[in-house]
Amino acid sequence: MNKRNALIGATLCGALAALGVGQNLLEEQAQAQAAGAVQAPKYEVDPAWPQPLPNGWFIGQTIGVWADNQDHVWIIHRNDSPDAVEAAAEEGTGACCKKAPPVIEFDATGKVVSAWGGPPADKSYDWPDSNHGIYADTEGFVWIGGNGGTDGLVLKFDRKGKFIKQFGKKGVKADSNATDHFFQVAKIFVDEKNNELYVADGYGNKRVVVMDTETGVFKRFWGAYGNKPDDTNLGRYNPSAPPAQQFRNPVHCADLSVDNLVYVCDRVNDRLQVFSKDGKFIKEAFYQKDSLGDGSVWDVAFSRDPQQKFLIMSDGRNAKVRVINRETLEELYNFGEGGHYPGQFYAIHSIALDSKGNLYTTETYQGRRVQKFVNKGLAPVTKKDMGVVWPTGR
């Protein structure tokens with residue numbers, strides 16, 4: 001009996017030792033793989049951001065976001081998209097709730113510190129029929145666009161919502177070679193050093209426009225591959241066809257990097273095109289190229305390291321945020337999945353990063369919200385599809 005017990009004990013010890021060796025080997029292999037793995041920014045959703053909105057406010061389709069030099073986060077939304085039930089207090093049918101003003105400013109903690117916007121009572125300027133895109137510059141001005149049926153303008157305000165200037169006009173039609181108005185603007189990006197405004201012009205026109213921020217003069221514009229823009233209807237996107245020589249609507253972003261490259265979201269064509277500041281085509285890449293409908297390349301933002309080594313991209317069709325090597329345009333990994341819970345997306349639309357590299361996302365259609373994803377620093381990329389990036393330890 002003692003010999004049998006001794007034999008069992010020795011066998012058990014041997015098995016445990018083997019398990020220990022195996023576990024150590026796996027850990028060593030994982031560490032070795034991580035040591036050689038590509039490093040990329042890691043994010044975790046902050047389910048407690050923002051704080052609850054005041055005044056029983058609902059927000060509608062949220063189609064623009066920017067983080068300013070104070071790390072305040074600005075969003076613009078379509079406050080006519082909440083329905084009669086959601087705005088019952090305004091409809092007089094219940095105690096809750098109300099439509100929030102179109103422009104909302106949050107501080108870094110997620111508290112609302114200002115809100116304004118909408119058609120002026122004195123009709124001193126044209127408020128867009130459909131708000132779209134927002135940029136808050138370092139001089140204290142806020143720029144917005146519009147993609148409504150006849151919107152051909154960009155508006156400039158101070159931080160408190162005081163109107164400063166209107167560029168372009170309403171009541172226009174598609175003309176991608178016009179020099180006095182836009183047509184259905186998607187996004188605005190300000191190059192403050194050179195007093196230039198980059199406009200993704202966008203839902204009606206098919207071009208990028210660079211405008212002087214003081215005079216409003218259109219300094220240059222271009223279409224896909226740097227071609228002269230053409231408003232010809234290209235029909236439905238076909239992933240198997242040769243790449244289109246013009247943008248499809250919408251041209252959804254036109255953002256300038258620190259090394260003076262312009263990154264343009266050709267959303268429905270599932271591609272990102274890169275240009276010099278004067279519109280010379282440099283390169284392109286496709287992402288989830290078989291995506292139909294509203295496309296895969298919705299918005300971009302640059303990482304906050306001095307070289308902006310990484311490009312962050314929103315993909316509303318596939319409910320993803322893609323993290324990309326900016327030099328090669330290679331996708332390193334993605335995160336997110338469809339849904340309405342924290343870290344999930346329903347039509348993720350616009351994105352922005354604050355000075356700490358924290359990521360802010362908005363959602364349109366029935367998503368209608370803003371989320372924060374905390375920058376956890378560089379980490380090894382261990383798999384391509386990360387799913388929901390829930391906070392560690394929760």
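Here's what I pulled together on the structure shown here. The structure presented is a predicted model; accordingly, all values stated were derived computationally and were not measured.

Examining the sheet that holds strand β10 (residues 151–158)
In step 1: With respect to topology, four strands assemble into an open sheet ordered β8-β9-β10-β11, the strand pairing being antiparallel. The open sheet is flanked by β8 (131–136) and β11 (163–170), the only strands paired with a single partner. The average undirected angle you get between the axes of adjacent strands in this sheet is 15°.
In step 2: Inspection of the sheet shows β10 paired to β11 by seven bridges, in the antiparallel sense. In the sheet register, G152 faces β11, and the bridge partner there is K169.

Thoughts on the pattern of salt bridges
In step 1: Counted by the stated rule, this structure contains 20 salt bridges.
In step 2: When the shortest N-O distance is used, the salt bridge between D294 and R317 registers 2.8 Å. Taken together, the residues D294 in the loop between β19 (281–286) and β20 (299–302) and R317 in the loop between β21 (310–315) and β22 (320–325) connect sequence positions 23 residues apart.
In step 3: Residue classification places R317 among the partly exposed residues on the basis of a relative accessible area of 41%.
In step 4: Overlapping salt bridges bring together D68, E105 and R159 as one network.

Section: the packing of aromatic side chains
In step 1: Per the stated rule, a full pass over the model turns up 22 aromatic pairs.
In step 2: Taking the centre distance of 5.1 Å and the plane angle of 50° together, the rings of W116 and F157 count as tilted. Of this pair, W116 sits in strand β7 (residues 112–116) while F157 sits in strand β10; the two residues are 41 residues apart in sequence, bridging distant segments of the chain.
In step 3: By relative accessible area, F157 is classed as buried at 0%.
In step 4: A centroid spacing of 5.9 Å and a plane angle of 55° characterise the contact between W127 and F157, whose relative ring orientation is tilted. Remark: F157 occurs in strand β10 and W127 occurs in the loop between β7 and β8; sequence separation between them is 30 residues.

As for the state of the cysteines
In step 1: Taken as a whole and judged by the stated rule, the model has two disulfides.
In step 2: One disulfide bridge connects C96 with C97, the sulfur atoms lying 1.4 Å from each other.
In step 3: Of the residues examined, C97 reaches a relative accessible area of 8% and is grouped as buried.
In step 4: Put simply, C253 and C265 are joined by a disulfide, and their sulfur atoms are 2.0 Å apart. Because the sign of the S-S torsion sets the handedness, a value of about 75° for the bond joining C253 and C265 places this disulfide among the right-handed ones. Taken together, the residues span a long stretch of sequence, with C253 in strand β16 (residues 251–256) and C265 in strand β17 (residues 261–266) at a distance of 12 residues.

Overview of the side chain of K320
In step 1: Mapped onto the secondary structure, K320 falls in strand β22.
In step 2: In this structure, K320 is buried with no salt-bridge partner, the nearest side chain bearing the opposite charge being D385 at 4.5 Å.
In step 3: A distance of 3.1 Å separates a polar atom in the side chain of K320 from the backbone oxygen of G336.

Some thoughts on the environment of N318
In step 1: Position of N318 among the secondary structure elements: in the loop between β21 and β22.
In step 2: Relative accessible area serves as the criterion here: at 25%, N318 is assigned to the partly exposed category.
In step 3: Through-space distance from the C-alpha of N318 to that of G94 is 37 Å; in sequence the pair is 224 residues apart.
In step 4: Setting aside anything within four residues of it in sequence, one finds N318 in contact with Q288, S291 and S296.
In step 5: Here D315 takes part through its side chain, which lies 2.8 Å from a polar atom of the side chain of N318.

Focus on the side chain of R322
In step 1: Its place among the elements puts R322 in strand β22.
In step 2: Relative accessible area serves as the criterion here: at 2%, R322 is assigned to the buried category.
In step 3: In this structure, R322 is in contact with Y287, Q288, L311, I312, M313, D315, E331, Y333 and N334, ignoring residues within four places of it in sequence.

Remarks on the nonpolar core
In step 1: Ranked by size, the top nonpolar core spans 44 residues in total, and within it W143, I144, F182, L197, V262 and V264 carry the most contacts.
In step 2: Take this core: its biggest share by element is five residues, from strand β12 (residues 185–191).
In step 3: If you look at the next biggest cluster of nonpolar residues, it comprises 19 residues, including A319, Y333, I348 and F373.

Rules and cut-offs
Residues numbered from 1 in each chain as written. Predicted model: local features only at pLDDT ≥ 70, side-chain atom pairs only at ≥ 80, totals over all residues. Heavy atoms only, no water. Pairing = 2+ DSSP bridges. Helix = DSSP H or I, 4+ residues; strand = E, 2+ residues; numbered from the N terminus. Axes fitted to C-alpha atoms, helices over the stretch in contact; angles between N-to-C directions. Salt bridge = Lys/Arg side-chain N within 4 Å of Asp/Glu carboxyl O. Buried < 20%, exposed > 50% of the residue type's maximum accessible area, 1.4 Å probe, protein only. Phe/Tyr/Trp six-rings, centres within 6.5 Å; stacked < 30°, edge-to-face > 60°. Disulfide = S-S within 2.5 Å. Lys, Arg positive; Asp, Glu negative; His and termini not counted. Polar contact = N/O pair within 3.5 Å; in protein donor to acceptor, adjacent residues only side chain to side chain. Contact = heavy atoms within 4.5 Å. Core = buried A, V, L, I, M, F, W, Y, C linked by side-chain atoms within 4.5 Å.

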